[in-house]
Structures are given as structure tokens and as C-alpha cells.
Amino acid sequence: MAPRNQDVNCESPVAPPSSGGRRNFVAHLSMDEGSARDDDGARLPDRIGDGADGRASSRSGFLLHFVRSSGPPQIVTLCLLLALALGSTVGVVPAVVEDRYARLRHGYDGEPCLEVAREERPHECLLGNEDAQNAAAMGNFVSNALTFATSSLMGSISDENGRRGIMLLGIFLSLLAPLNLVLMQLFDSVDPFFYYGCHALSGLVSWMAVALSALSDVMPPMWRAPSFGLVFAGFSMGLALSPILAVFLSHLGVSTLAFGILVAGFIFACVSLPETLSPKASEQAKLKRLAERPHMNTQMEVIQYNLMRPAKELLILNRNKLFRLLSALAFFSGCVSSADHTLFIYYVEENFGFNDKDIAILFFIIGITGIFVQAVVLKPFTGLLGERRVVIVAFLVGSLHNYLYGVAKAKSTFFMTA
């Protein structure tokens, strides 16, 4: 669960405010209908003019407020750096891991597996690819399970103690898998298990969810949706451009560059990322938790309470029908997207002969279309159909998208489907 912005009061037809004067939403976003305030404490206006002039003024006002705010520019920069680092190695990991498993587990000693023509690829490489897919699937399962188990707890902790520390922890954990990817290519004895283990460990903290809540701390309600859009647009831009690096650099070179980008991002966050949660909101969250905390007489009761706290935090998912439906939608969508992200590259590299150039083109298409949808299509489409129908259309399009992946017979189908 994402952290909840807490120093605001709200009313909503979707869900009534809680006793603490706030509303909680399932999914990644902290979407309380409270109002941010400017530096002088004055309430920001809910409307800025009418008509074309008002819309232009609102857009310029949003951009100025976003750029001048403490936190949002740094978060967008971090998302861009993270996408550049992770996207640049998206095609490198399957190639490196498949070859390593073929050598460690199946006695292969020839040239790198993906440099052999697909029709001539030895059986050891096929077995290595299967091992790599199994390891990737298990690593992502553990990572997603950890995220599910800890996200609500991390959100609650960030509500009380601030967003910055949780975000720094999440970014630090994201450094470990790329470091192991570099070590795996420098030393022949390094097992891919350490890479996937570190990737799974990063699921302890979903720093992106906390980052979106940090945006909600400082952005007024009318500008939160475009703020989230800017974050995802930055991520899509990094994802679109980064795989091109693998076309010009060796696998070791691009892996080292990706790790360097993440280290630079972590240093940038340590130096310039501010705390967005106000002391007042933090104090309110602590008082509310203390008021809800049962009376405990022994140290064992305290330990049991702390161990059960993540499970109790998850009870928000069963609050009402809306939350249960949103949770189910997020679950099914997450299952499919996780499988796509985990196994897709292994599948196309092994069965369709995708190389670094093909992957770069594919992710460029995915990134550009993602930016276009976020910036141009989503808002008018939502206004035309409404949020409920947009969700239905999104699931229908996603079903068609994955069906075409399954029946594809040529590379061109993947490019058109992306």
C-alpha cells in the first residue's frame, strides 16, 4: 500500500473520510483530496480562471509550481535515472544469465550462447535459457510477495517518520542487483542466484509508491494527476532511450554504466532529496497509531503486535467493496504485467532471435507510446468515457495485446503490438 498524505481533510463520493480526516486509496497512489499550501501558508486556489485563458494559466501555474516545489523535480530526475539504468540492461540480463547457467550447470564451453545462430544453438544453451527463466520467475515472485507483504507497513512508517528515509532505502536496495550483474561478467564463478536474490530483496521497499505519496504531500489536489503523469512520462522516456546503449556498448560496458547511473542517482538523492512530509502530518499519524494501538502489558505482546502489524495494515484492502474490486484488478493486472516483464525478453531472444538492436527498437516504441498516452490520450479519453470505462477498455486492450504476443510468428508482430 502506498503511504497516505495525512494533514488534509477531504470529502469524496467514493469513500468517506476516516476518523483521522483522510481517505485511503488502493494501488500506488496517495490521492487524498486535501489541498497543498504555498510557502506562505495560503491555500492554493482550486480553479485558475475559465476558458482557454484559464486553461493556459492553469498549465503554466502547474509547471511553475512543480518546478519550484521542493521534491517533485528531484523525484522526476530519480525516476528518469532509474529507468535509464534498468532499461539499458533489459536485454543484457537474459543473454548473460542464460550463458552462465549453460556453463555452470550443463558443462557448456563454447562461444556465448546468443552469438550462436538460433538454429545451431547447442542443447546446453536451451537448458540454460530454461534455468534462467525459472530463476527470473522465482525472483520476481519473491520480490512481488515481499512488496505485497511490506508495502502497507512501509507506507505507514513513512506516514509517521517521513518519506525520505524509505525512498533512500529503496534506491539503495535497487543498487544490489546491477552490482551483481557486473560481478557476474567479471568473474566466471559468480552464480546468477546472487543477482536474482538481490532483485528479490529490492521488493522489500517499493520506493516509487512512496515517491508518489511524496508528490501528494506538496502538490495541490487539482495538480496531482498531471504530477503523476510527469513522473511516469519521465520513467517512460528513460525506458524508451536506455536500451539503445546496449547497441553501442558491450554487455559489460552497459552493465557498468547502468550501475554507475544508479550510484549517481543514490548520491543525488542523499544530497538533494528533501523531506516532503510536514512535522504536523507526521505527529498526527503517530498520535492516530498510538490511539489505535491496543494496551500491552508484556514485552512478548509488543513483539507479537509488531510481527502482526504488516498483516493488520493489509486489512485496509477489505474495508469495502471498492477496495476489494481495486485489489482484484491490481492483482490480475500485476500477474500479467509481471509475467510480461519477467519472461518476455527470454522468450523473444530464444525463439525469435531478438538481438540488442531489436530490443532497443521495441522498448523505444513502448516508451514513446507510453509518453503519448500519458500526455495526450489519457485525460480526454477519461473525460469522454469516464474512469470506470477507461479501466474496462484498458483491460480489453491488454488482453488483445497479450493474445497477439502469444500467436506471433514473426518479429514484426511484436513491434506492431507494442
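Not measured: the values here are computed from a predicted model. (Residues numbered from 1 in each chain as written. Predicted model: local features only at pLDDT ≥ 70, side-chain atom pairs only at ≥ 80, totals over all residues. Heavy atoms only, no water.)

Colleague: Would you take a moment to explain the state of the cysteines for this structure?
Modeller: Put plainly, two cysteines are in a disulfide when a covalent bond ties their sulfur atoms together. Going through the model one piece at a time under the given rule, you end up with one disulfide. Residue pairing for Cys 113: its cysteine sulfur links by disulfide to Cys 125, the two sulfurs lying 2.0 Å apart. Taking the torsion about the S-S bond as the criterion, the Cys 113 to Cys 125 disulfide, at about -80 degrees, is left-handed. Of this pair, Cys 113 sits in the loop between helix 3 (92-106) and helix 4 (123-161) while Cys 125 sits in helix 4, and the two are 12 residues apart along the sequence. One exposure class covers both Cys 113 and Cys 125, and it is buried. (Disulfide = S-S within 2.5 Å. Helix = DSSP H or I, 4+ residues; strand = E, 2+ residues; numbered from the N terminus. Buried < 20%, exposed > 50% of the residue type's maximum accessible area, 1.4 Å probe, protein only.)

Colleague: What should I look at first to understand the packing of aromatic side chains in this one?
Modeller: For any pair of aromatic rings, geometry is given as the distance between the ring centres together with the angle between the planes. Using the criterion set out here, one finds 10 aromatic pairs in the structure. Relative to Tyr 405, the ring of Phe 344 has its centre 4.7 Å away and its plane inclined at 25 degrees; by these criteria the two rings are stacked. In this pair, Phe 344 sits in helix 13 (residues 321-352) while Tyr 405 sits in helix 15 (residues 387-407), placing the two residues 61 residues apart along the sequence. A single burial state applies to Phe 344 and to Tyr 405, both of which are buried. On the basis of an interplanar angle of 35 degrees and a centroid distance of 5.5 Å, the ring pair of Tyr 405 and Phe 414 is categorised as tilted. Accessibility assignment for this pair places Tyr 405 and Phe 414 in one class, buried. Aromatic rings pair up to connect Phe 344, Tyr 347, Phe 352, Phe 354, Tyr 405, Phe 414 and Phe 415 into one cluster. (Phe/Tyr/Trp six-rings, centres within 6.5 Å; stacked < 30°, edge-to-face > 60°.)

Colleague: I tried to follow helix 6 (residues 192-201) on my own but got confused; where do I start?
Modeller: Residue pairs spaced three or four apart in an α-helix point in one direction, given the helix's 3.6 residues per turn. Those residues of helix 6 lying buried are Pro 192, Tyr 195, Tyr 196, Cys 198 and Ala 200. Contacts made by the buried residues of helix 6 are with helix 3, helix 4, helix 5 (163-186) and helix 13. (Contact = heavy atoms within 4.5 Å.)

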